[in-house]
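Residues per chain, in single letters:
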Amino acid sequence: MKNQVKKNFSYPAQHRMIVEMIDAGFRLAEKLGRHPLTKGCNCIACVNRRKRIFKTPKTDWKFKL
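Residue positions are given per chain, counting from 1 as you read along its sequence in written order. Reporting of local features is limited, given that this is a predicted model, to residues whose pLDDT is at least 70; pairs of side-chain atoms are given and counted only at 80 or more, and all residues count toward the totals for whole chains, interfaces and linings. Hydrogens and waters are ignored; side-chain quantities use all the structure's heavy atoms.

1. Observations regarding the overall build of the protein
Rules: Comment: elements are numbered from the N terminus, with helices defined as DSSP H or I runs of at least four residues and strands as E runs of at least two. In this scheme, a residue with accessible area under 20% of its type's maximum is buried, one over 50% is exposed, and one in between is partly exposed, where area comes from a 1.4 Å probe on protein chains only. Using the Shrake-Rupley algorithm and a 1.4 Å probe, accessible areas are obtained, with residue cover drawn only from the displayed protein chains.
When you go through the protein residue by residue, the secondary structure sums to two helices and zero strands. For the protein, buried positions account for 11% of its 65 residues. With the model as given, the accessible surface of the protein reaches about 6900 Å², and the carbon-plus-sulfur share is 60%.

2. Points about helix α1 (residues 11-32)
For the record, the criterion: By definition here, a helix of n residues has an expected span of 1.5 Å times n minus one. Directions pointing from the helix axis toward each C-beta atom define the arc. By definition, residues are in contact when any of their heavy atoms lie within 4.5 Å.
The terminal C-alpha atoms of α1, which comprises 22 residues, lie 32 Å apart, in line with the 32 Å expected from a rise of 1.5 Å per residue. Of the residues making up α1, those classed as buried are Ala13, Gly25 and Ala29. Buried residues along α1 cover an arc of 155° about the axis, so they all sit on one side. Counted as exposed and oriented over 90 degrees from the buried face of α1: Arg27, Glu30 and Lys31. Looking at the buried positions of α1, the neighbouring elements they touch are α2 (44-54).

3. Regarding the side chain of His35
Heads up, the condition is: Polar contacts here mean pairs of N or O atoms no more than 3.5 Å apart (in protein, one a potential hydrogen donor and the other a potential acceptor; neighbouring residues in sequence count only if both atoms are side-chain atoms).
Relative to the helices and strands, His35 resides in the loop between α1 and α2. We classify His35 as buried; its relative accessible area is 16%. A distance of 2.9 Å separates a polar side-chain atom of His35 from the backbone oxygen of Gly33. Apart from the residues within four sequence positions on either side, His35 is in contact with Cys41, Cys43, Cys46 and Arg49.

4. Quick look at a positive patch on the surface
As a reminder, the rule being used: Patch rule: a residue counts if its relative accessible area is over 30% and it has no salt bridge; like charges are joined within 9 Å, and nonpolar side chains (Val, Leu, Ile, Met, Phe, Trp, Tyr) within 5 Å. Salt bridges are identified by distance alone: a Lys or Arg side-chain nitrogen within 4 Å of an Asp or Glu carboxyl oxygen. Charge counting treats Lys and Arg as positive and Asp and Glu as negative, with His and both chain ends excluded. All charge positions are set by atom: Lys at NZ, Arg at CZ, Asp at CG, Glu at CD.
A contiguous patch of positive charge on the surface is contributed by Lys51, Arg52, Lys55 and Lys58. Its relative accessible area of 59% is what places Arg52 among the exposed residues.

5. What to know about a nonpolar patch on the surface
A cluster of nonpolar residues, Ile18, Met21, Ile22 and Phe26, forms a patch on the protein surface that exposes about 400 Å² of accessible area. In this structure, Ile22 sits in helix α1.

6. Structural notes on the state of the cysteines
Our working rule: To count as a disulfide, a pair of cysteine sulfur atoms needs to be within 2.5 Å.
Scanning the model with the defined rule gives zero disulfides in all. Not part of a disulfide, Cys43 finds its nearest cysteine sulfur in Cys41, a span of 3.6 Å. The cysteine Cys46 is free of any disulfide, with Cys43 supplying the nearest cysteine sulfur at 3.7 Å. Assessed through its relative accessible area of 0%, Cys46 is described here as buried.

Written out as structure tokens, the structure reads:
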């Protein structure tokens, strides 16, 4: 029971945790450099690639390049 997480965090504490997570993702991306999408990697580049894979655009583009 010692490892239970308190669910009633204040807004500043939640905001700080989110910012720290994003900073850690950026630092990891800088450390690893350019690399392919790897399972379990939490660098910001891999997180963004996973988001693009899971959330494909729902509408077609009106313009073509």
